[in-house]
Amino acid sequence: MEQSESSLQRVRLVSMRYGARDIVLYELEALDDTELMSVEPGAHLDVHLLNGMVRQYSLLTSQCDARRYVIGVKREESGRGGSIWLHDNARVGQVFEVSVPRNHFALTEGDAPVLLLAGGIGITPIFSMFQVLCEQGRRVHLHYWCRSTEHALFRELLEGRQNVTLHYSNTSDTGRRPLLDVFQGVDSNTEVYCCGPQRMLAEIDIIAPQLGSRLHVERFQGAESVATADQAFTVVLARSGSEIGVGVGESILEVLQAAGADVMYSCEQGICGACEVKVIEGEPVHCDSVRSAQEHQRRGTMMICCSSSVSNRLVLDI
Ligand code: FES
C-alpha cells in the first residue's frame, strides 16, 4: 500500500506566497478542528497532488504549528513533474492529503558547533535548523549557495548576519568560496548538515570519510537509477513464511506489490524512507539516499524500493 489511509491527513491550501525566483511557499491548514503532528527541523512530508502524483517536500518548521504546515517548492523544469504541477495548478482552497511527517535529517543534541550547508532549494530544511540553533545559542555557521540574490530564499533574514555566508554563482565576487574550502579552520568536532543538488553532494562525498558520523546529508533527488537485481534471489516474508523470487532486473518492491504483499512506500526513489523494513537474515546492497550503509547495518534495515541483495535469500520482517 502506498500509505495507510489512517496515516494520511487532509489539509487545505490557504495561501501561496512568493519566496524567491521560482520558489513558492505553500501554507497547508488542518481541516476542521484536527491538530497536525508537531515537526522538528529536517522533517518532510508526502503531499498527494490532485493529479495522482505523490511528492516529498521539506517543511519550513519554524513557520509550522498545530494548525498549519508550510513547504517551499522550487519549480524544477527538469524534475519529475510535481513542482510544475504545484506551480501551475495549485489553487487556494484545494484540499490535499499529506502523510505524517518523517524525519531522517534531525539535528543531534549536544553543544558541538554546527556547520550548515545548503544548495538551491536545499535551504528549506537547513533554514529551519539555522533558526532553531540560533535560538538555542549554539555555535552555527550557515553557507548557502544559489544562483543570484533573486534566487535566495529568506535573503532578507540571512543577509548581513555574521554567521551566514551567501554564495552567488552569477557573481565574480571573490568572497564566493568553493564548497570544500568552507571546511578550512572548522573545529574537528563540528557537526555538518548538508542539503542540496547531486553535484553538491558529490563534492561532499569526497570528504565524507573524514567526517564520519558527524556528516548528515539530505538528498532531494534520488539516485540516477534504482538498483535492480543482477542475480535472482528469494525474499522470505517472515510473518507469513511466503517465499517470493526476485528476478534479474526486478526490484523487491515491485515484486512484493505484484504478489499482493502489504508494504509501505512513497517516493520509489530511495529518498523518503517510507519503505524501510527490518532485515532478519541476508545481505542487502543499499542504494538509497536516506541512510548510510553503516546506519542500515546498525539499525538492521533496508529500503526495498531501490536496494537489492547479494545473498540468495533475504528474510524481511514483513
Ligand atoms: S519509497 Fe521512498 S525510500 Fe523507498
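Just so we're clear, the structure is a prediction, and the values are computed from it rather than from any experiment.

Attention now goes to the sheet that holds strand S7 (residues 114-119). Strand order in the open sheet formed by five strands is S9-S8-S7-S10-S11, with parallel pairing between adjacent strands. A strand with exactly one partner marks an edge of an open sheet, and here the two such strands are strand S9 (164-168) and strand S11 (215-219). Strand-to-strand twist of the sheet, defined as the mean angle between neighbouring strand axes without regard to direction, takes the value 10°. Most of the contacts of helix H2 (residues 123-136) go to S7, to which it runs at about 155°, and overall it touches S7, strand S8 (140-146), S9 and strand S10 (191-196). Sitting on the sheet, helix H4 (residues 198-211) is in contact with S7, S8, S10 and S11, with an inclination near 160° to S11.

A word on the pairing of S7. Counting buried residues in S7 gives six out of six residues, a clear majority hidden from the surface. Both faces of S7 are covered, namely the face carrying Val114, Leu116 and Ala118 and the face carrying Leu115, Leu117 and Gly119. Sheet analysis places S7 next to S8, joined by six bridges and oriented parallel. Each bridged residue has a counterpart across the sheet, and for Leu115 the counterpart in S8 is His141.

Moving on: the nonpolar core. Of all hydrophobic cores here, the largest spans 29 residues; its most connected members are Leu116, Ile123, Ile126, Leu142, Tyr144, Leu153 and Leu158. The dominant element in this core, judged by the number of residues it contributes, is H2, at six residues. Residue assignment places this core across two domains, with domain 1 (5-99) and domain 2 (114-219) each supplying three or more. Not counting residues within four places of it along the chain, the set of residues in contact with Leu116 comprises Ile126, Met129, Phe130, Leu133, Val140, His141, Leu142, His143 and Tyr193. Val235, Val255, Met302 and Met303 belong to the second-largest nonpolar core, a separate cluster that totals 24 residues.

Turning next to the sheet that holds strand S3 (residues 44-48). The strand order across the open sheet built from six strands is S4-S3-S6-S1-S2-S5, with neighbouring strands paired in antiparallel fashion. At either end of the open sheet lies a strand with only one pairing partner, and these are strand S4 (54-58) and strand S5 (68-74). Taken over all neighbouring pairs, the strand axes of this sheet differ in orientation by 40° on average, direction set aside. Pairing between S3 and strand S6 (residues 95-98): two bridges, direction antiparallel. Following the sheet pairing, His48 is matched in S6 by Glu97. Against the sheet, helix H1 (residues 82-89) touches strand S2 (23-30), S4, S5 and S6, its axis set at about 110° to S5.

The next subject is the domain arrangement of the protein chain. By the assigned domains, the protein chain splits into domain 1 (5-99), domain 2 (114-219) and domain 3 (233-316). Taken together, the contact pairs 19 residues of domain 1 with 14 residues of domain 2. A buried area of about 1400 Å², summed over both sides, lies between domain 1 and domain 2, and 61% of it is on carbon and sulfur atoms. Of all residues in domain 1, the largest losses of buried area upon contact with domain 2 belong to Arg21, Pro41 and Leu60, amounting jointly to 32% of the total for that side. Across the contact surface, domain 1 and domain 2 share one salt bridge. Among the ionic pairs, Arg21 bridges to Glu150, the shortest N-O distance being 3.2 Å. Run the count over domain 1 and domain 2 and you get four residue pairs in polar contact (both at pLDDT 80 or more). Those elements that place two or more of their residues in the side of domain 1 that touches domain 2 are strand S1 (9-20), S2 and S5. Among the elements that take part in the side of domain 1 that touches domain 2, S1 stands out by supplying three residues, more than any other. When grouped by side-chain class, the residues that make up the side of domain 1 that touches domain 2 number seven nonpolar, eight polar and four charged.

It is worth spelling out unusual backbone geometry at this point. Of note, the phi angle at Phe154 is positive, near 60°, even though the residue is not glycine. Checked against the element boundaries, Phe154 lands in the loop between S8 and helix H3 (155-158). Judged by its relative accessible area of 6%, Phe154 falls in the buried class.

A separate point is the packing of aromatic side chains. Taken as a whole, this structure holds three aromatic pairs when the rule is applied. Measuring from centroid to centroid gives 6.2 Å for Trp85 and Phe96, while their planes differ by 85°, and the two rings are edge-to-face. In this pair, Trp85 is assigned in helix H1 and Phe96 in strand S6, connecting sequence segments eleven residues apart. Judged by centre distance (4.0 Å) and plane angle (20°), the rings of Phe127 and Phe154 are stacked. Residue Phe127 is found in helix H2, and its partner Phe154 is found in the loop between S8 and H3; the two are separated by 27 residues along the sequence. Overall, Phe127 belongs to the buried group, its relative accessible area being 2%.

Within the element layout of this structure, Leu107 appears in the loop between S6 and S7. Residues Leu107 and Gly42, 65 residues apart in the sequence, show an inter-C-alpha distance of 7.4 Å. If we ignore the near neighbours within four places in the chain, the residues touching Leu107 are Pro41, Met129, Val132, Leu133 and Tyr193.

What counts and what doesn't
The residue numbering used here restarts from 1 in each chain and proceeds along that chain's sequence as written. In keeping with the predicted nature of the model, local features appear solely for residues at pLDDT of at least 70, side-chain atom pairs appear and are counted solely at 80 or more, and the whole-chain, interface and lining totals rest on all residues. Side-chain figures throughout are based on the complete set of non-hydrogen atoms in the structure, without hydrogens or water. Two strands are counted as paired when DSSP detects at least two bridges linking them. Helix numbers and strand numbers start at the N terminus; a helix is a DSSP run of H or I with at least 4 residues, a strand a run of E with at least 2. The convention used is that axes are lines fitted to C-alpha atoms, helices contributing only their stretch in contact, and that angles between N-to-C directions extend from 0 to 180 degrees. Note on definitions: a residue-residue contact is assigned when non-hydrogen atoms from the two residues lie within 4.5 Å. Relative accessibility under 20% of the residue-type maximum defines a buried residue, over 50% an exposed one, and the middle range a partly exposed one, all with a 1.4 Å probe and only protein chains included. Residue types Ala, Val, Leu, Ile, Met, Phe, Trp, Tyr and Cys, when buried and joined through side-chain atoms within 4.5 Å, form a set referred to as a nonpolar core. Marked domain ranges trace back to an automatic or database domain assignment. Summed over both partners, the accessible area lost on bringing two parts together, with a 1.4 Å probe, is the buried area. Within this document, salt bridges are pairs made up of a side-chain nitrogen of Lys or Arg and a carboxyl oxygen of Asp or Glu, the two lying within 4 Å of each other. Residues adjacent in sequence count toward polar contacts only when both atoms are side-chain atoms; beyond that, a polar contact is any pair of N or O atoms within 3.5 Å, and within protein one must be able to donate a hydrogen and the other to accept it. Classification used: nonpolar for Ala, Val, Leu, Ile, Met, Phe, Trp, Tyr, Cys and Pro, charged for Asp, Glu, Lys and Arg, polar for all others including Gly. A pair of Phe, Tyr and Trp rings is counted when the ring centres sit within 6.5 Å of each other, with Trp represented by its six-membered ring. The angle between the planes then sorts it: under 30 degrees is stacked, over 60 is edge-to-face, the rest tilted.

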